[in-house]
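# Observations on the three-dimensional arrangement
As a plain string of letters, each chain reads:
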Amino acid sequence: MTTIERIAAVVGREHCITDKAERELMSQDIFFWPDAVLAEAVVRPADTAQVAAVMKAAREAGLYVAPRGGGMSYTKGYVPERAGTIMLDLGRLNQIEEVNEQDLYIRVGAGCTWAQVREALQPRGLRTVISGPISGVVSTVGGGMAQNVPGSMDNVLGLEVVLADGRVIHTGSSGVTRTKSDFYRYYGPDLTGLFMGDTGAYGIKTKVTLRIQPIPAGAVFASFSFDTLKDMALAMAGVARLGVTNKSFGMDPLKNRTSTKVSLMEGAKTLGDVIRSGRSLTEGLRDSLRVVRAGRGVLDDVEWSLHLTIEGIDEVAAQYAAELARRVCLERGREIEPSVPIAMRARPFSIRGFLGLEGERWVPVHAMFPLSRVETAVDAVQAFFAARKDELDWHEIRYAFLSTINGPYWLIEPMFYWFDEISPLHRRHLDAQKIAKFVKAKPNPDARAVVQRIRAELRDAFFDIGAITSQIGKYYRLPEAMEPGAYQLLTEIKDLLDPDRRLNPGNLGWR
Ligand SMILES: Cc1cc2nc3c(=O)[nH]c(=O)nc-3n(C[C@H](O)[C@H](O)[C@H](O)COP(=O)(O)OP(=O)(O)OC[C@H]3O[C@@H](n4cnc5c(N)ncnc54)[C@H](O)[C@@H]3O)c2cc1C
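Remember, predicted model here, so these are calculated numbers, not experimental data.

### Some points on the nonpolar core
Counting 128 residues, the largest nonpolar core has M145, W410 and F416 as the members making the most contacts within it. Ranked by size, the runner-up nonpolar core spans 22 residues in total, among them V11, A58, A164 and I204.

Spelled out as structure tokens, the structure:
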């Protein structure tokens, strides 16, 4: 029996896929990686025991393993770099295992999407404290743990992890033999934290426990326009220092004119569906729909726009907090209709942004800075793009900036857009959304090569000014960023957990 046959016997023949087209699709992420190596097989285990059995079989046969969640990353994290790699698609680990309303946690299979978790909690008036990435309609909770989704990650309470040798461990209080409850994360050294942000290099997350909370009764939406990125970023920092915002989202002129249209359309559709379904007939919802519908075109003449959602235990508390935030924003900007935050609240997850409005390919780079360095970061990013404007214009490569605040730090995410062929991975999701109009786009290797180079230059420019990043994979430069002793310790832990370096070789610099 070959190893692939042995693995097929574990997961079932139909879940061990050797079809070339499927392997090609699964071996690339949202960007282009010309040096990607084709996975030997795509293996879809159903539970922890099957993951452990696959890991043992792969190890004995000297194969490599790349865990994959929703596949919505662009940092080469699960893209194989060695021949003999098994692509471990964790999408079937998608059970909601326990919603504990008394102890306020939810335990889910790592293959659950964030949207699935939201749907399980919303009817109970609950939500996870971590809001999950925008890609959460496809991306998974396990992927979010491996990537370190910025914001509130303290609210991960525990993990079930399968190690490279097939051992299964539990972290947090679920790993305390006499507690038998997932309610608390910290008991001695933080084993949960060890496995987060590893982009799958330390272990395979099979279950995740997240803190949940009641959805606050009060929410106020407010949007502002600013003349410059610096004004907007300083307002964001000022609001963040108040400690009141639940979500703060900044957009540039291009985003204002393009992707807002999609989010408003999707938000209006969701609100309309809820109203039509009769699930909620509140006047507030109808008002929201009116504001979202009226919002189309509202940002067309706005340079930089900031969108806040401010919550409180009740409406009065939310209004009070919103007033404080409003004062900060009005020092530099003016208030506009809050159509965008209402639409985003109605529809927090969408992957439509993985292509531009006209089907352009898209890829971002991000960087996080302390609030005190917002001005330095703004100057650096604007100088970077000014120096490359002619080259980008020549190749018709457009760029936009998103910026967010999920805590007391500022995240900026410049994004590149250019016309190029649509990948099989994109196509699969466009088919699911019944969007066929972009699939005929022609290859554009010249523009692609320029994006690849300039994206790497931007990553390095951010690195030089001390940016922190998540989603490291094989792309961001963790080894050089860390002090040598700390990185050495991480490497020693890698060698302890995965001495043959079988799990995601290349990630975090380990080959
Ligand atoms: C339209 C769009 C919007 C996005 N918005 C956001 C956003 O708002 N915030 C944000 O942070 N990111 C965002 N992203 C980036 C990305 O989707 C997230 O980082 C997401 O968390 C990736 O999850 P995934 O399940 O798709 O992981 P994958 O892409 O499948 O994997 C990512 C990495 O995690 C590893 N991995 C996956 N699952 C596991 C597991 N169970 N155990 C161990 N390792 C695993 C993989 O090997 C890989 O290294 C966005 C992407 C798109 C396309």
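Having seen the structure, we can now continue with the description.
### Description of the site of the ligand
As a structural note, the neighbourhood of the ligand is formed by 35 residues, with P67, G69, S73, S135 and T140 the closest of them. In this structure, an oxygen atom belonging to the ligand sits 2.6 Å away from a side-chain N or O atom of S73. Contact distances for the ligand include 2.9 Å between a nitrogen atom and a backbone N or O atom of K205. Considered on its own, the ligand offers 970 Å² of accessible surface; in the complex 94% of this is hidden by protein. The residue makeup of the shell around the ligand, split by class, is 15 nonpolar, 18 polar and two charged. Of the residues that make up the shell around the ligand, three or more belong to each of domain 1 (3-92) and domain 2 (96-214).

### Re the environment of S139
Summarising the element assignment, S139 is placed in the loop between β7 (126-128) and α5 (141-147). C-alpha of S139 to C-alpha of G91: the two residues are 48 residues apart in sequence and 9.5 Å apart in space. Beyond its immediate sequence surroundings of up to four residues, S139 is in contact with G70, M72, C112, T113, W114 and P133.

### Some thoughts on the packing of aromatic side chains
Enumeration according to the criterion identifies 18 aromatic pairs in this entry. Ring centres of F384 and F385 lie 5.3 Å apart, and the angle between their planes is 75 degrees; on these two criteria the pair is classed as edge-to-face. Assigned by exposure class, F384 and F385 land together as buried. Through a chain of ring-to-ring contacts, the aromatic side chains of F31, F32, W33, W418, Y475 and Y476 assemble into a single cluster.

### Remarks on the sheet that holds strand β2 (residues 41-43)
With mixed pairing, the four strands of this open sheet are ordered in space as β1-β2-β4-β3. Strand pairing shows two members of the sheet lacking a second neighbour, β1 (16-17) and β3 (64-68), which therefore form its edges. Across two bridges, the pairing between β1 and β2 is antiparallel. The residue of β2 that forms the bridge with C16 is V43.

### So, unusual backbone geometry
A positive phi is found at S152, a non-glycine position, where the angle reads about 60 degrees. Relative to the helices and strands, S152 is located in the loop between α5 and β8 (156-162). Positive phi, normally seen in glycine, also occurs at R501, with a value near 55 degrees.

### Side note on the domain arrangement of the protein chain
Under the domain assignment used here, the protein chain contains domain 1 (3-92), domain 2 (96-214), domain 3 (216-350) and domain 4 (355-471). Each partner contributes to the interface: domain 2 provides twelve residues, whereas domain 3 provides ten residues. In total, domain 2 and domain 3 occlude about 790 Å² of area from one another, counting both sides; carbon and sulfur atoms represent 56% of this. Counting across the interface, domain 2 meets domain 3 through one salt bridge. For E311, the salt bridge identified is with R127, shortest N-O distance 2.6 Å. Taken together, domain 2 and domain 3 are joined by four residue pairs in polar contact (both at pLDDT 80 or more). Residues of the side of domain 2 that touches domain 3, tallied by class, amount to six nonpolar, four polar and two charged.

### Looking at the environment of Y202
In this fold, Y202 is placed in the loop between α6 (191-195) and β10 (204-214). It is 18 Å that separates the C-alpha atoms of Y202 and T140, two residues lying 62 residues apart in sequence. Among all residues touching Y202, those that are not within four sequence positions of it are L163, L194, F195, L490, I493, K494, L497, L503 and W510. A distance of 2.8 Å separates a polar atom in the side chain of Y202 from the backbone oxygen of L490.

### Section: the pairing of strand β11 (residues 218-226)
Among the nine residues of β11, eight are classified as buried, and the element is accordingly described as predominantly covered. Pairing between β11 and strand β13 (residues 304-312): nine bridges, direction antiparallel. The residue of β13 that forms the bridge with S223 is H307. Pairing geometry for β11 and strand β14 (residues 334-336), over three bridges, is antiparallel.

### Details of the packing of helix α1 (residues 3-11) against helix α3 (residues 48-61)
Relative to each other, α1 and α3 sit at 170 degrees, their axes nearing to 10 Å. Classified by the interaxial angle, the pair formed by α1 and α3 is roughly antiparallel. Across the interface between the two elements, T3, R6, I7, V10 and V11 from α1 touch Q50, A53, V54, A57, E60 and A61 from α3.

### As for the packing of helix α7 (residues 229-242) against helix α13 (residues 374-394)
One way to put it is that α7 packs onto α13 with a least axis distance of 10 Å and a crossing angle of 150 degrees. On the basis of their axis angle, the class for α7 and α13 is roughly antiparallel. α13 is crossed by α7, and the crossing has right-handed handedness. Note on element contacts: α13 touches α7 through V374, E375, V378, D379, V381 and Q382, opposite L229, K230, A233, L234 and A237.

The rules behind the values
- Residues numbered from 1 in each chain as written.
- Predicted model: local features only at pLDDT ≥ 70, side-chain atom pairs only at ≥ 80, totals over all residues.
- Heavy atoms only, no water.
- Core = buried A, V, L, I, M, F, W, Y, C linked by side-chain atoms within 4.5 Å.
- Buried < 20%, exposed > 50% of the residue type's maximum accessible area, 1.4 Å probe, protein only.
- Near = heavy atom within 4 Å.
- Polar contact = N/O pair within 3.5 Å; in protein donor to acceptor, adjacent residues only side chain to side chain.
- Areas by Shrake-Rupley, 256 points an atom, 1.4 Å probe, with all protein chains shown as cover.
- Nonpolar A, V, L, I, M, F, W, Y, C, P; charged D, E, K, R; others polar.
- Domains from an automatic or database assignment.
- Helix = DSSP H or I, 4+ residues; strand = E, 2+ residues; numbered from the N terminus.
- Contact = heavy atoms within 4.5 Å.
- Phe/Tyr/Trp six-rings, centres within 6.5 Å; stacked < 30°, edge-to-face > 60°.
- Pairing = 2+ DSSP bridges.
- Buried area = accessible area lost by both parts, 1.4 Å probe.
- Salt bridge = Lys/Arg side-chain N within 4 Å of Asp/Glu carboxyl O.
- Axes fitted to C-alpha atoms, helices over the stretch in contact; angles between N-to-C directions.
- Parallel < 35°, antiparallel > 145°, perpendicular 65-115°, else oblique.
- Left-handed = near helix turned anticlockwise from the far one by under 90°.

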